[in-house]
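What follows is the residue order along each chain.
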Amino acid sequence: ETKMFSDHLANGLHEMGIQKGDRVIVCMPNCPEVLFSYQGISRAGAIVVPVMYMLHPNEIHYIALNSGAKAIITSSHIVANIEKAVEELPSKPIIITADVPTNESAYNIYDVMKKTPPSTTTASDSQISENDTAIILYTSGTTGKPKGVVLTHKNLYSNAVNSSEHSGNDDQGTTLGVLPLAHVYGLTISNICYLTGSSIVVFPKFDVKEVFEAIEKHKVKSFSVVPAMIYAMLSFPDAEKYDTSSLESVGSGSAPLPVAMIHAFKEKFHADVLEGYGLSEAAPIVSRHIRGETIKPGSVGVPIPGVEIKIVDDDGKELPRGDVGELIVRGDSITPGYFQNVEETRRVLRDGWLFTGDMAKMDEDGYFWFEGRGDDIIISS
């Protein structure tokens, strides 16, 4: 069904004037239409610009202006913010909602899908190259303007294939989509599910009771979380009322997790917490633990296949094992640069290596230990 809806949406977007290389913002809570939109935009040869729906209209305005977005796919309960965000734009994008539009200026996504007959093929499918831009993901920072991280189809595919094989989660099953699909990690999880033929239980927001119900109902083996979600699961008073025996592991990222919490989760749910490290510029997974291999609590695991890592000093010279330095990365999943920002691209990409600005160390077994962010970030609860 995803392919059918996506093909219809791609054709509808073409009928509305969206061409290869045009940027289309997707800004709404997790729902199936987010997945249809991503695939439909890509099949049209256009570029997806995922945007967190919680952002202030001023932030959305900047992203729409900087990206030159031709259209915005959103939902009715935040369309007022979207309209406010595009008020002062020199060229206003088309607004499409995933549900009933609240006014006549917006289109409904299912009406857009009906603009062409089912037999019509997407015009740009055969013209899309693996090195074409698939995504422009704007990073949030506490200083300066957001930067648009360019990710190609090859970047995303490489990361999904290698991280899936590395983690051992390449079998068919059901996972939980509790992290934002508008984040690069959400994109990777959905791509992994396409590759493995797996299903996603999509959550518009994290609800700990509903998470336990879904684990029991769908016999979920693994899913991805942030530390606050692990704490919520540990603290939930009715956890023992649910059958969580299918759960084997959860992947955790975005911030370090106290080792005591990792042990507590293992003791309570008989499932491992597999920490990992990634960033938008690496599409995003760089390292993680391997299911069935040695787990080192507090570590972010080992590099996934296709990714090479070094720890370097201020001069870019590789440091001995155990020394803390800047983490640099290269491989097929690394961004070609920032959208219309040559200066910042040159700063972080040098001789094929991505200088992350993050501090880390590597032990004698090749496991990495994250030591702190070099750049400011915003962590949303």
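Note that the coordinates shown come from a computational prediction; the quantities given were computed from them, not determined experimentally.

Engineer: What is the right way to read the pairing of strand 8 (residues 174-177) from this model?
Structural biologist: The side chains of a regular strand alternate, first on one face of the sheet and then on the other. Of the strand pairs in this sheet, strand 8 and strand 9 (residues 199-202) are connected by four bridges, and their pairing is parallel. Paired with Thr175 across the two strands is Ile200, which belongs to strand 9. In this fold, strand 8 hands off to helix 7 (residues 184-196), which returns the chain to strand 9; that crossover is right-handed.

Engineer: It is not clear to me how unusual backbone geometry should be interpreted in this structure. Could you clarify?
Structural biologist: As a rule of thumb, non-glycine residues mostly have phi less than zero, and peptide bonds are mostly trans rather than cis. Residue Pro284 follows Ala283 across a cis peptide bond; omega there is -15 degrees. Locating Pro284 in the fold gives a position in the loop between strand 12 (272-278) and strand 13 (285-288). Its identity is not glycine, yet Lys219 carries a phi of approximately 55 degrees, on the positive side. Assignment of secondary structure puts Lys219 in the loop between helix 8 (208-218) and strand 10 (222-225). Judged by relative accessible area, Lys219 falls into the partly exposed class, the value being 47%. In the Ramachandran plot, Asp351 falls in the positive-phi region, its phi being about 55 degrees despite a non-glycine side chain. Along the chain, the position of Asp351 falls in the loop between strand 18 (349-350) and strand 19 (353-362).

Engineer: Explain the environment of Tyr277 here, please?
Structural biologist: Looking at the secondary structure, you find Tyr277 in strand 12. Looking at Tyr277, the relative accessible area reads 6%, which means it is buried. Residues Tyr277 and Phe368, spaced 91 residues apart in sequence, show a C-alpha to C-alpha distance of 8.9 Å.

Engineer: Looking at this structure, I do not really get the nonpolar core. What am I missing?
Structural biologist: Soluble globular proteins tend to pack their nonpolar side chains together in the buried interior. Judged by nonpolar contacts, the single largest core of 83 residues is most densely connected at Leu176, Phe223, Ile230 and Phe265. For Phe265, the residues in contact, after removing those within four places along its chain, are Ile230, Met233, Leu234, Leu247, Val250, His270, Ala271 and Val273. In terms of nonpolar packing, the next biggest core, distinct from the first, is built from 24 residues, Cys27, Val51, Ala69 and Ile136 among them.

Engineer: It is not clear to me how the packing of aromatic side chains should be interpreted in this structure. Could you clarify?
Structural biologist: One pair of aromatic rings is described through two measures. These are the centre distance and the angle between the planes. This structure, assessed with the given rule, holds seven aromatic pairs. Ring centres 4.8 Å apart and planes at 50 degrees place the aromatic pair Phe265 and Phe269 in the tilted group. Of this pair, Phe265 and Phe269 both sit in helix 10 (residues 259-269), four residues apart, roughly one helical turn. Judged by its relative accessible area of 5%, Phe269 is buried. An aromatic cluster is present here, built from Phe212, Phe236, Tyr242, Phe265 and Phe269 joined pairwise through their rings.

Engineer: How should I be thinking about helix 10 in this particular structure?
Structural biologist: Each full turn of the α-helix corresponds to 3.6 residues, which orients residues three or four apart in the same direction. When we look at burial in helix 10, the residues that qualify are Met261, Ile262, Phe265 and Phe269. All buried residues of helix 10 fall inside an arc of 105 degrees around its axis, so they share one side. When the buried face of helix 10 is taken as reference, the exposed residues oriented beyond 90 degrees from it are Ala260 and Glu267. Against helix 8, helix 9 (227-235), strand 11 (249-252) and strand 12 lie the buried residues of helix 10. Phi for His270, located one or two positions after helix 10, is positive at around 55 degrees.

Engineer: Even after reading the chapter, I still don't get the packing of helix 3 (residues 57-67) against helix 4 (residues 79-86), so can you show me in this structure?
Structural biologist: Packed helix pairs are specified by the crossing angle of their axes together with the interaxial distance, meaning the distance between the axes. Helix 4 packs onto helix 3 with a crossing angle of 55 degrees between their chain directions and a minimal axis gap of 8 Å. Taken together, the axes of helix 3 and helix 4 lie oblique to each other. The two elements helix 3 and helix 4 cross, and the hand of that crossing is right-handed. Taking contact as the criterion, the partners of Pro57, Ile60 and His61 in helix 3 are, on helix 4, Asn81, Ile82, Lys84 and Ala85. When the residues that make up the contact of helix 3 with helix 4 are grouped by side-chain class, the tally is four nonpolar, two polar and one charged.

Engineer: Any chance you could explain the side chain of Asn162 here in plain terms?
Structural biologist: In this fold, Asn162 is placed in helix 6 (residues 153-167). Take Asn162: its relative accessible area is 16%, and that puts it in the buried class. Polar contacts involving the side chain of Asn162 include one to the main-chain carbonyl oxygen of Pro305, which spans 3.1 Å. The residues contacting Asn162, other than those within four sequence positions of it, are Ile304, Pro305 and Gly306.

Engineer: Whenever I open this one, the environment of Val150 confuses me. Can you help?
Structural biologist: With respect to the helices and strands, the residue Val150 is situated in strand 7 (residues 148-152). Expressed as a C-alpha distance, the spacing of Val150 and Ile47, which sit 103 residues apart in the sequence, is 9.8 Å. Non-local contacts of Val150, meaning those with residues more than four positions away in its chain, are made with Thr133, Ile135, Asn155, Thr335, Pro336, Gly337, Tyr338 and Phe339.

Rules and cut-offs
- Residues numbered from 1 in each chain as written.
- Predicted model: local features only at pLDDT ≥ 70, side-chain atom pairs only at ≥ 80, totals over all residues.
- Heavy atoms only, no water.
- Pairing = 2+ DSSP bridges.
- Helix = DSSP H or I, 4+ residues; strand = E, 2+ residues; numbered from the N terminus.
- Right-handed = clockwise from strand over helix to strand, strands pointing away.
- Buried < 20%, exposed > 50% of the residue type's maximum accessible area, 1.4 Å probe, protein only.
- Core = buried A, V, L, I, M, F, W, Y, C linked by side-chain atoms within 4.5 Å.
- Contact = heavy atoms within 4.5 Å.
- Phe/Tyr/Trp six-rings, centres within 6.5 Å; stacked < 30°, edge-to-face > 60°.
- Arc of directions from axis to C-beta.
- Axes fitted to C-alpha atoms, helices over the stretch in contact; angles between N-to-C directions.
- Parallel < 35°, antiparallel > 145°, perpendicular 65-115°, else oblique.
- Left-handed = near helix turned anticlockwise from the far one by under 90°.
- Nonpolar A, V, L, I, M, F, W, Y, C, P; charged D, E, K, R; others polar.
- Polar contact = N/O pair within 3.5 Å; in protein donor to acceptor, adjacent residues only side chain to side chain.

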